[in-house]
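Residue-level structure breakdown
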Amino acid sequence: MSSDKKRVQFRAPHRLIDRTDALADVLGEDRTDILVTALREYLQEAAHDDAITQEIAAAYYDDEITFDQLKALVGAEEAANLRVLKQQLDEDFIDEVADA
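A short tour of the structure in this document, coming up.

Conventions and cut-offs
Residue positions are counted from 1 within each chain, in the order its sequence is given. Side-chain atom pairs in this predicted model are given and counted only at pLDDT of 80 or more, local residue features only at pLDDT of at least 70, and totals for whole chains, interfaces and linings cover all residues. Derived side-chain values reflect all non-hydrogen atoms in the structure, with water molecules and hydrogen atoms excluded from consideration. Fitting a line to C-alpha atoms yields each axis, with helices limited to the stretch in contact; the angle taken between N-to-C directions then spans 0 to 180 degrees. Under the DSSP-based scheme used, a helix requires at least four consecutive residues in state H or I and a strand at least two consecutive residues in state E, with every element numbered from the N terminus. Any angle between 65 and 115 degrees counts as roughly perpendicular, while under 35 counts as roughly parallel, over 145 as roughly antiparallel, and the rest as oblique. In what follows, residue pairs with any heavy atoms lying within 4.5 Å of each other are defined as contacts. Amino acids are sorted into nonpolar (Ala, Val, Leu, Ile, Met, Phe, Trp, Tyr, Cys and Pro), charged (Asp, Glu, Lys and Arg) and polar (every other residue, Gly among them). Categorising residues by exposure relies on relative accessible area from a 1.4 Å probe, with only protein chains included: less than 20% of the type maximum marks a residue as buried, more than 50% marks it as exposed, and the intermediate range marks it as partly exposed. Working definition: the arc comes from the directions between the helix axis and the C-beta atoms, pointing outward to the latter. A carboxyl oxygen of Asp or Glu within 4 Å of a side-chain nitrogen of Lys or Arg is what we treat as a salt bridge.

In this section: the packing of helix 3 (residues 50-61) against helix 4 (residues 67-74). Following both chains from N to C, one finds helix 3 and helix 4 inclined at 170 degrees, their axes separated by 10 Å at the closest point. Here helix 3 is positioned roughly antiparallel relative to helix 4, judged by the angle of their axes. Counting all contacts with helix 3, which are made through Thr 53, Ile 56 and Tyr 60, the residues of helix 4 involved are Phe 67, Leu 70, Leu 73 and Val 74. Looking at the contact of helix 3 with helix 4 residue by residue, the classes come out as six nonpolar, one polar and no charged.

Turning our eyes to something else, we now look at the packing of helix 1 (residues 14-27) against helix 2 (residues 31-47). Interaxial distance between helix 1 and helix 2 falls to 8 Å at its minimum, and their mutual angle equals 110 degrees. Between helix 1 and helix 2, the interaxial angle falls into the category roughly perpendicular. From helix 1, Ile 17, Thr 20, Asp 21, Leu 23, Ala 24 and Leu 27 reach across to helix 2, where they touch Arg 31, Ile 34 and Leu 35. Here the contact of helix 1 with helix 2 is composed, by residue class, of six nonpolar, one polar and two charged.

Next up on the list: helix 4. For helix 4, the complete set of buried residues consists of Phe 67, Leu 70 and Val 74. Relative to the axis of helix 4, the buried residues are bounded by an arc of 55 degrees and lie together on one face. In helix 4, those exposed residues whose orientation departs by more than 90 degrees from the buried face are Asp 68 and Ala 72. Directly beyond the C-terminal end of helix 4, a positive phi value near 95 degrees is found at Gly 75.

For the rest of this paragraph, the subject is the pattern of salt bridges. Enumeration over the complete set of coordinates arrives at two salt bridges. Between Asp 21 and Arg 31 there is a salt bridge; the shortest N-O distance is 2.8 Å. With Asp 21 in helix 1 and Arg 31 in helix 2, this residue pair connects regions lying 10 residues apart in the sequence. What makes Asp 21 partly exposed here is its relative accessible area of 23%. On the basis of relative accessibility, which here comes to 40%, the residue Arg 31 falls in the partly exposed class. A salt bridge links Asp 63 to Lys 86, with the nearest nitrogen and oxygen atoms 2.4 Å apart.

Spelled out as structure tokens, the structure:
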């Protein structure tokens, strides 16, 4: 994991932050550690959720996200597969237009 860190700021419901702080106290960690762990686990699970993966792929096919963003979300192997599929889809589209 990279040691580079980026400061972020967001608003969350008081109850959620209170629960986060309570868990941090129990585990002897700080709020940031709990939030980073929760975010990491959520993103890991999302990358293995078929519906979310389809949304990510669609965003890549529609050029809403870059290949690097795709790779960060689904991993290098899956991103490479989706890039090949996108290229094939683009080639098929060009062939269809040329035949029309």
